[in-house]
Amino acid sequence: MVIMSPSLNFQPVLERIAEEMDKTPGRGRAADYIPALAARDPRRFGMAVAELDGTVYGVGEWRQPFSTQSITKVFTLALNLAREGDELWEHVGREPSGNPFNSLVQLEYENGIPRNPFINAGALVVTDRLHTRTGDAAGTLLDFLRAESGNADLTFDKEVAASETAHGDRNAALAHFMASYGNIDNPVPALLEQYFRQCSIEASCADLALATGFLARHGIRADGTRLLTRSQAKQVNAVMLTCGTYDAAGDFAYRVGLPGKSGVGGGIIAVVPGRCTLCVWSPGLDERGNSVAGVAALDRFTTLTGLSVF
């Protein structure tokens, strides 16, 4: 094991991980239920680490943009929590679901209140509430990601958004069901448009590692202003740890030991509070929708560096 001192850089660790990942068979399958993502090569790989001062280390295709998908749920949660505070938790829970991310099962016997903000139902509620407060939830998110990453070229992938819209019946069902309980403010078609645009944002590992930095800085943005209180940043990290990788969150916490959030585009972000943030990308997914190589790479990172929240 290579335990890192604060003076060491992350580049040799990333290079070692990339070499190991290149030799690893069985990298999963790209998300085939979104046709625009189905053709992605599951063996592609990139990984980046951003320190608190914005220094970024990377390996592989760490500057290659990819579809962020559910990773964006972390940022909409933070943006909404900053605006309405604890009132948000009256509309979405903080508990692991134990069910697939697009499940309808729990909503009926829990009166339209989703278990957490990272399953699709919960993310729809958060996007809905952010849209009510901003008039453009997806645009607000994009502006935030551009500012935090320093990349003004970040944008929506219209092909992916259209593909999700054409195959979005399950999300529509979730939204209509919650609306029947009064837990959705906006018209469902308008909400779905915002949600699919949100998930279609393309960004690289470098972009996302930088954009996540406010969670490692206990709520402080890249420009030094405060987005979240220290307590709110802790809350977001806690929900990431317990709910951020769908119904595999326990295994992710066991293996990786960091707050993390995955997306079916193959990306995973992770936070080492007070030290750095990470993003890894590899499109091959396991049966629960998490990047096979991404989880393995983060597992190796915490093992090699000794950095975790435990």
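Predicted, not measured: the structure shown is a model, and the values here were computed from it.

Draft legend 1. Quick peek at helix α5 (residues 120-134). Compared with an ideal rise of 1.5 Å per residue, which puts 15 residues at 21 Å, α5 spans 21 Å between its outermost C-alpha atoms and is within 8% of the ideal. Most of α5 is tucked away: twelve of the 15 residues are buried. Those residues of α5 not exposed but buried are Asn120, Ala121, Gly122, Ala123, Leu124, Val125, Val126, Thr127, Asp128, Arg129, Leu130 and His131. Those residues of α5 that are buried lie in contact with α3 (72-84), α4 (105-109), α6 (137-149), α8 (169-180) and α9 (188-199).

Draft legend 2. Representation of the pairing of strand β1 (residues 46-51) within the structure. Counting buried positions along β1 gives six out of six residues, so the element sits mostly inside the fold. Alternating residues of β1 divide into Gly46, Ala48 and Ala50 and Met47, Val49 and Glu51, and every residue in both groups is buried. Inspection of the sheet shows β1 paired to strand β2 (residues 56-60) by five bridges, in the antiparallel sense. Bridging across to β2, Val49 finds its partner in Tyr57. Hairpin connection from β1 to β2: four residues lie between these consecutive antiparallel strands, with Gly54 at a positive phi of about 95°. Across six bridges, the pairing between β1 and strand β8 (residues 276-281) is antiparallel.

Draft legend 3. Representation of the packing of aromatic side chains within the structure. The final tally for this structure, using the stated rule, is eight aromatic pairs. Measuring from ring centre to ring centre gives 5.8 Å for Phe10 and Tyr57, while their planes differ by 70°; the resulting arrangement is edge-to-face. Pair noted here: Phe10 is in the segment before α1 (11-22) and Tyr57 is in strand β2, with a separation of 47 residues, a long-range link. Residue classification places Phe10 among the buried residues on the basis of a relative accessible area of 0%. According to the relative accessible area criterion, Tyr57 is buried, its value standing at 15%. The structure contains a cluster of three or more aromatic residues connected by ring pairs, namely Phe10, Tyr57 and Phe301. The residue whose ring lies beneath Arg197 is Phe156, and the NZ or CZ to ring-centre distance is 4.4 Å.

Draft legend 4. Summary view of the sheet that holds β8. The five strands lie next to each other as β2-β1-β8-β7-β6, forming an open sheet whose pairing is antiparallel. Taken across any chain shown, the strands that pair with only one partner, and hence form the sheet edges, are β2 and β6 (260-262). Across this sheet, the average inter-strand angle for adjacent strands is 10°, counted without regard to direction. Sheet strands in contact with helix α14 (residues 292-305) are β1, β7 (267-272) and β8, and its direction is about 145° off that of β8.

Draft legend 5. Structural context of the UniProt feature "binding site: substrate" (unreviewed entry) in the protein. Sequence positions flagged by UniProt for "binding site: substrate" (unreviewed entry) are, in local numbering, Ser70, Asn120, Glu164, Asn171, Tyr195, Tyr246 and Val264. Topologically, Glu164 is positioned in helix α7 (residues 158-166). Classification of Glu164 as buried rests on a relative accessible area of 7%. Aside from chain neighbours lying at most four places away, what touches Glu164 is Ile34, Gln69, Phe196, Cys199 and Ser200.

Draft legend 6. Inspection of the pairing of β8 at higher detail. Across the six residues of β8, six count as buried, placing the element largely inside the fold. Burial of β8 is two-sided: the residues Cys276, Leu278 and Val280 facing one way and the residues Thr277, Cys279 and Trp281 facing the other way are all buried. Joining the antiparallel neighbours β7 and β8 is a turn of three residues, in which Gly274 adopts a positive phi near 80°.

Draft legend 7. The arrangement of the packing of α6 against α9 in detail. Put simply, α6 and α9 touch, their axes get as near as 8 Å, and they point 20° apart. Judged by the inter-axis angle, α6 sits roughly parallel to α9. Note on packing geometry: the crossing formed by α6 with α9 is right-handed. When α6 is examined against α9, the residues Ala137, Ala138 and Leu141 are found in contact with a partner set consisting of Gln194, Arg197 and Gln198. In terms of residue class, the contact of α6 with α9 is built from three nonpolar, two polar and one charged.

Draft legend 8. Up close: the sheet that holds strand β5 (residues 201-203). A sheet is described by the order of its strands in space; here three strands give the open sequence β3-β5-β4, paired in antiparallel fashion. Both edges of this open sheet fall to β3 (66-67) and β4 (155-156), since each of them pairs with a single strand only. Where β4 lies against β5, two bridges are found, and the strand directions are antiparallel. Across the sheet, residue Thr155 finds its bridge partner in β5, namely Glu202. Strands in contact with α9 are β3, β4 and β5; relative to β5, the strand with the most contacts, it is inclined by about 15°.

Draft legend 9. Focus on the pattern of salt bridges. According to the stated counting rule, one finds ten salt bridges in the structure shown. Linking Asp136 and Arg197 is a salt bridge whose minimum nitrogen-to-oxygen distance equals 3.5 Å. Note that Asp136 is positioned in the loop between α5 and α6 and Arg197 in helix α9, a separation of 61 residues in sequence. What makes Asp136 partly exposed here is its relative accessible area of 29%. Between Glu148 and Arg221 there is a salt bridge whose closest N-O contact spans 2.7 Å. With a gap of 73 residues between them, Glu148 in helix α6 and Arg221 in the loop between α11 (213-216) and α12 (230-243) connect regions that are remote in the sequence. Among the ionic contacts, a cluster of salt bridges with common partners joins Glu84, Glu87, Arg129 and Arg133.

The rules behind the values
- Residues numbered from 1 in each chain as written.
- Predicted model: local features only at pLDDT ≥ 70, side-chain atom pairs only at ≥ 80, totals over all residues.
- Heavy atoms only, no water.
- Helix = DSSP H or I, 4+ residues; strand = E, 2+ residues; numbered from the N terminus.
- Expected span 1.5 Å × (residues − 1).
- Buried < 20%, exposed > 50% of the residue type's maximum accessible area, 1.4 Å probe, protein only.
- Contact = heavy atoms within 4.5 Å.
- Pairing = 2+ DSSP bridges.
- Phe/Tyr/Trp six-rings, centres within 6.5 Å; stacked < 30°, edge-to-face > 60°.
- Lys NZ or Arg CZ within 6 Å of the ring centre and 35° of its normal.
- Axes fitted to C-alpha atoms, helices over the stretch in contact; angles between N-to-C directions.
- UniProt positions renumbered as here; feature names shortened; annotations may be inferred.
- Parallel < 35°, antiparallel > 145°, perpendicular 65-115°, else oblique.
- Left-handed = near helix turned anticlockwise from the far one by under 90°.
- Nonpolar A, V, L, I, M, F, W, Y, C, P; charged D, E, K, R; others polar.
- Salt bridge = Lys/Arg side-chain N within 4 Å of Asp/Glu carboxyl O.

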